[in-house]
Structures are given as structure tokens and as C-alpha cells.
Amino acid sequence: MSVTATTAAATATPTADRAVCAPLPVLGRDVTVPLVTGGDVTYAALDYAASAPALQRVWDDVAAYAPYYGSVHRGAGYLSQLSTDLFENARRTVAEFLDCRPADQVVFTRSTTDSLNLLARALPAGCQVFVFETEHHASLLPWRDARVTFLDAPRTPRQAVETLERALADRDPHGPALVCVTGASNVTGELWPVRELAAAAHAHGARIVLDAAQLAPHHPVSVRELDVDWVAFSGHKLYAPFGSGVLAGRADWLTAADPYLAGGGASRKVTRREDGGVAVEWHESAARHEAGSPNVIGVYSIASACKALTEAGFETLVARERQLIDTVRAGLAEVPEVRILSLFGDDAPRVGVISFVVEGWNSSHFAAALSAEYGIGVRDGLFCAHPLVRTLLGADPGTQGECGAPEAAPGEKSLNAIRVSFGAGTPDEHVERFVRAVRELVRDGAKWRYRTEDGRCVPAV
């Protein structure tokens, strides 16, 4: 059984004779920040899993379009028509980027969270949802009106498939069912066996939606090859700077459902009834769930990012990222006090997302020192995946811990971890500086004093 989430590119490893590309130009690559110890340093943005910096190419495309901005689908003027064409062409670009089937719809949303909440609102009556506890809250929590079966965290890709198969075998075979699964963990970076999970879902009469928020920026995602029913992702993780997202896939459940939002754009025809009420005919296209004036610039930025990544070549991007992953993991492995968090083990294919804890350190304190003393931006907390991080830390499910920093003071134990994440715009120097900083902090301790303020660890003034 294959355990990769995508194509062979998912496990591509650079060889000595392979030309690996330079980092793609991104905004902020030359920004300098002050250090508490004195002086300035170029900021090392290593929090891509939260929001990736915008590609320079995307920013340039948006800037070129901005003077021509107009409201879409509503105007006879040149700018409105141009913006409408741009908006609908973006839909086709995203469909090509995801290798969608001819009948699939591409619906533009605000984010992955918005996309999955939209799908949750469109579930048929009586639908049963199956979701692993390892999911990001965006895919763990939207299913409040459905019958939800939460599955325990698997420890191998094969176990993930077997766990799902057992759960599906026990369900009512006559009712609708949906499986929700991530493509790449936002905590460990590990790739999930999406193709095999989709096969298991379909074998038991269920559908599957792929949360590709962490996968799409790092690997090609083919709806056809993975055989998923829907895929969701966010623009702000795909090197697009604005609040936009995508839900792409089968149209039938979406067309049968009431509009996600009621309003202009979703409605095809509105008339007064004889009883004084209002009768509405809703669109059956993607517009059904895109009420209101859409985020045209955000949508265009997603399309621009899709084109930029495709033209750069995922095989080359994956090869370079693999080198960065190896550099970070090898560097952390040399520090005995560091424990990297993992579900599937060291050999699992992964994207550039690595979480870890440091013995003797409060995670918020460590992250604060990386920022204040080295100009390195990482994230600490539970990463909006509380059940997963608690499982990886071996904590009781009821133990306190929050998405942000803990209440614990520097040096005190906390139920949190540190996450470093990177991608197509990350220079080698940033990950090398990070590895060096980890070694120095563990060996020498922080050079500055820190205190807790409003739940965050900050340098003491």
C-alpha cells in the first residue's frame, strides 16, 4: 500500500546532480528587525504554516490590476466587465491547478475554515461525518449539525486507513457519509495517505473532503488522482496575501443545499408573492454560495499564486524544500534536549512543518528568545489542533492549554510546543540561523530576561 498523499513528487529527494532552485521572491525578504541585545538583523520568517509571505509575482500582478478594479457580475462598464472576466478566469485557473473534473465547481470563500463550514452547511440530512482527532480545528469543528464520529490518532499511515475502514464498516450503509482528512498535518508536517483513505471511503459509500491548507503550497494536488470529492485550501498559506479561500469539487450537494449566505449574487430571480412574501430562485452554479460582492483581488491573488507555483515546477520546489527539512531535522537531532513531535516516525514523507519541545524550557519562552535575540519568527502553542498536540505530548485530554501562549512563566512547564515552518520563499540562511539559535539557546540559555504579559512571554524592559 502506498502511503504518500500525492504523486511521486511527495517523496522526491534531491540528488547531487539535480539543479535545485533558488527561493522564490517573496515580500518581506529584506525586512530588518531590532534585537534586544542590540543591532538589527534580517527577519527570518519561519511561520509559513500560519501565513506564508506573499510572492512578489502575486503582489506585482495585483498591483497591475488594482487601477482597473471594478465590481463583478453587476456592471456594464469596462472595468466591471474586465473584473468579471478576471474573476471567472481565476476560477478556471484554480480548477486547472487542482486538476478538477469537468463537472466540478470551484467556489471562492474566505479561507479553509470558511470552505469547510460551507460544506458542513450543505450536508444532506442524516449525514454521518468521520474525522480524525488529529485535524486542525478548521476541519475538526464545523460538523456540529451532523452525526460525528471522532477517530483516534493513528500511529502509521496504514493504521489510519484501517481505522477508517473499521469505522465505516459499522455505519448505516444507507445514509450519506463524509470523511474529512488533512493532506499534510499543520503540526508535524507529515503527509497523510489521502488516496488510500479516499478509496476506503468510496468502498463504503462515503464521500471525502481534503483539507489541503498545508498540502497545496508544498505539493501538487490532483482531485482526479487522489479521487477526493472536495478539496479546500486558503490563499494566505498559498503565498497570496488576502482573505480568500477555495472549496472545489462535486456540485450535487452544494446545488441541493440552501445558499451558505442569502443575498445578492446568490439569487437568480426574486419576486413578490401574492401573500406578500418573497419568492427566490437561487443560482445552481458556484455563485449560489458566493453571495455579496466577492473579494476580487483576493481571488485574483490565488490564481496568480497557482500560476507562479505551477510555472516554478513542483518537482523542483519539493526537492529544495526536502533539503531545508533535512537541514532542520538533522540540526535538531544533534541537540539531545529537543524532541521532535511525530505521528508516523522519522521516515514519513512531510512538508516543511516541524514541531518540537525543548527539555527544561517553556515553549513560549523559547519562541520569544528566538524572536527577540535572533530575529526568527516561529510559533508556539497548540496550533489550533489541541487534541493532536495533547496526544503527541502525552498529556491528559483535559489538561489546560490554549492556542496561543500558556500562562506559565519562563522556565515553568507548559502544555505547548514550538513550530518552525518554511516553504518556497525560505532562504537557506534562515533555517541555518534557526538551527544555530536552537543550539546556542539550549547550551547557553537566553541572554535576556523575559516575563509573562497578557498570556505571552515577552522581553522584560
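Residues numbered from 1 in each chain as written. Predicted model: local features only at pLDDT ≥ 70, side-chain atom pairs only at ≥ 80, totals over all residues. Heavy atoms only, no water.

Caption draft 1: Structural detail: the overall build of the chain. Regarding its fold elements, the chain presents 13 helices and 19 strands. Compactness check: the chain gives a C-alpha radius of gyration of 23 Å against a globular reference of 23 Å for 461 residues, within 12% of the reference. Its C-alpha atoms put the chain at 80 × 55 × 50 Å along the principal axes. Buried positions account for 56% of the 461 residues belonging to the chain. The contacts of the chain with a sequence gap of at least 6 include a subset with a gap of at least 24, amounting to 72%. Approximately 19200 Å² of the chain is accessible, and the part contributed by carbon and sulfur atoms is 50%. Averaging the coordinates of the 43 positive side-chain charges in the chain and doing the same for the 55 negative ones gives two points 3 Å apart. (Helix = DSSP H or I, 4+ residues; strand = E, 2+ residues; numbered from the N terminus. Rg over C-alpha atoms; globule rule 2.2 N^0.38 Å. Buried < 20%, exposed > 50% of the residue type's maximum accessible area, 1.4 Å probe, protein only. Contact = heavy atoms within 4.5 Å. Areas by Shrake-Rupley, 256 points an atom, 1.4 Å probe, with all protein chains shown as cover. Lys, Arg positive; Asp, Glu negative; His and termini not counted. Charge placed at Lys NZ, Arg CZ, Asp CG, Glu CD.)

Caption draft 2: Looking closely at the side chain of Glu290. If you trace the backbone, Glu290 turns up in the loop between strand S12 (278-282) and helix H9 (296-312). Side-chain polar atoms of Glu290 contact the side chain of Arg91, separated by 2.9 Å. For Glu290, the side chain forms a polar contact with the main-chain nitrogen of Phe108, separated by 2.7 Å. Dropping the residues within four chain positions of it, Glu290 is found in contact with Phe87, Arg91, Val106, Val107 and Phe108. (Polar contact = N/O pair within 3.5 Å; in protein donor to acceptor, adjacent residues only side chain to side chain.)

Caption draft 3: Region of interest: empty space enclosed by the protein. Counted under the stated rule, the structure contains three cavities of 30 Å³ or more. Contributing to the lining of the largest cavity are Cys21, Pro217, His218, Leu317, Val318, Arg320, Glu321, Gly423 and Ala424. Taken together, the residues that form the lining of the largest cavity break down as five nonpolar, two polar and two charged. (1 Å grid on protein atoms, 1.4 Å probe; cavity = no way out; pocket = protein on both sides within 12 Å on 5 of 7 lines; lining within 4 Å. Points joined across faces, edges and corners; volume = space filled by probe spheres on them. Nonpolar A, V, L, I, M, F, W, Y, C, P; charged D, E, K, R; others polar.)

Caption draft 4: Representation of the sheet that holds strand S13 (residues 338-340). The four strands are arranged S13-S14-S17-S16 in an open sheet whose pairing can be described as antiparallel. Edge positions in the sheet fall to S13 and strand S16 (379-381), since each has one partner strand and no second. When the angles between neighbouring strand axes are averaged without regard to direction, this sheet yields 30°. In this sheet, strand S14 (residues 353-358) lies alongside S13 in antiparallel orientation, the contact comprising three bridges. If you follow Ile340 over to S14, its bridge partner there is Phe356. Taken strand by strand, helix H10 (residues 314-333) contacts S13, S14 and strand S17 (417-421), and its axis lies near 10° from that of S14. (Pairing = 2+ DSSP bridges. Axes fitted to C-alpha atoms, helices over the stretch in contact; angles between N-to-C directions.)

Caption draft 5: Geometry of helix H5 (residues 157-169). The terminal C-alpha atoms of H5, which comprises 13 residues, lie 19 Å apart, in line with the 18 Å expected from a rise of 1.5 Å per residue. Taken as a whole, H5 has its buried residues at Pro157, Ala160, Val161, Thr163, Leu164, Ala167 and Leu168. On an axial view of H5, the arc spanned by its buried residues comes to 160°, and they lie on one face. Of the residues in H5, the exposed ones pointing more than 90 degrees away from the buried face are Arg166 and Ala169. In the core, the buried residues of H5 are packed alongside strand S5 (128-132), strand S6 (147-151), strand S7 (177-182) and helix H6 (194-203). (Expected span 1.5 Å × (residues − 1). Arc of directions from axis to C-beta.)

That is the geometry; function is a separate question.
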